[in-house]
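# Descriptive structure summary
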Amino acid sequence: MARLNTSVRPWRGITLAAAGLYFLVPLAASVVFTVDVPGQGVTFDAYTRIVGTEGFVSSLVLSLELAAATIVVVLLLMVPAMVALRLGAPKLRPVVEVVCSLPLVVPPIAFVAGMSTVLKWGPEHLSRTPLFQTFVAIQNPGFPFVLVLSYVVMALPFVYRALDAGLRAIDVRTLVEAARSCGAGWPQALVRAVLPNLRGALLNAAFLTLALVLGEYTVAQLLGFQPFAVWIVNISGSQAQLSVAVSVLSLLVTWALLLALAGFGGRSRTASASRG
């Protein structure tokens, strides 16, 4: 056994080094491209011009609003469903797992093609019904709620896995029965007994959804909206250095959020262990 561990360690280091180079070399090349200007030397103008560039603030705010709405909707949909599934219908778990995994199978281009067909069909056939205004409202460029609905579907596989892992780590039935025996209703049992024990899973689901919304391009572009990812691509033709600088900055911010989430989750587990 000792020989096996000794032989595995060098390969583990080589694998980690290769993975680090695979991610860090393109990032370093991107940084060099943004700061090395021919004839001027090293300059950080590409980064200082980010905030003042037209469309940066509006597209970023729109993406953050879409991300917040998507996180709220997908958690309100999935948390009660997952808890009810675990308490009342555990045999349906494989069916729900398959349904939530379908967005990984359906290509985004096919998904958005179907959505476009429905959005075009609705106003033509429902123009004399109250639903016509609904179709118009969800496509408002100021806040396209249709993107929220799309992102909820696309986030289902990641949210399902995060919540399923969190629910497997706790005894949901005992927590709910204890809360019910103390006089709490079903909503109170869910909010006060189950959710505090799912904090790590909820944070993981929220972060994965945030990363998905900030980086999603295909659906938003084909539906004609301009959140942050679409804005980056649109300016890449005329301002290549600026677009790469924004991409590098957004990647670093995403990594910072991931590290903060990991640190927060570690402190939560340490505090729970100390209380126990």
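Summarised in this report is the structure supplied together with it. Quick caveat, the model's predicted, so the values are computed rather than measured.

A separate point is the overall build of the protein chain. Regarding its fold elements, the protein chain presents 13 helices and 2 strands. The proportion of buried residues among the 276 residues of the protein chain is 33%. Sequence-distant contacts in the protein chain: of pairs separated by 6 or more residues, those separated by 24 or more amount to 76%. Counting only carbon and sulfur atoms, one obtains 69% of the accessible surface of the protein chain, whose full area is about 16500 Å².

Moving on to the packing of aromatic side chains. Under the criterion given, the structure shown has 4 aromatic pairs. In this structure an aromatic cluster arises from ring pairing among Phe56, Phe228 and Trp231.

Core analysis: the largest hydrophobic core is formed by 53 residues, its most contacted members being Met78 and Leu223. For this core, the secondary structure elements donating two or more residues are α3 (56-88), α5 (108-125), α7 (145-168), α8 (172-181), α9 (186-194), α10 (199-215) and α11 (218-223). Looking at this core, the element that brings in the most residues is α7, giving 13 residues. With near-sequence residues (within four places) excluded, leucine 223 lies in contact with Val112, Met115, Ser116, Leu119, Val146 and Leu147. In this structure, Ala46, Ile50, Phe228 and Ile235 belong to the second largest nonpolar core, which totals 10 residues.

What counts and how
Residues numbered from 1 in each chain as written. Predicted model: local features only at pLDDT ≥ 70, side-chain atom pairs only at ≥ 80, totals over all residues. Heavy atoms only, no water. Helix = DSSP H or I, 4+ residues; strand = E, 2+ residues; numbered from the N terminus. Buried < 20%, exposed > 50% of the residue type's maximum accessible area, 1.4 Å probe, protein only. Contact = heavy atoms within 4.5 Å. Areas by Shrake-Rupley, 256 points an atom, 1.4 Å probe, with all protein chains shown as cover. Phe/Tyr/Trp six-rings, centres within 6.5 Å; stacked < 30°, edge-to-face > 60°. Core = buried A, V, L, I, M, F, W, Y, C linked by side-chain atoms within 4.5 Å.

That's the geometry; what it means functionally is another story.
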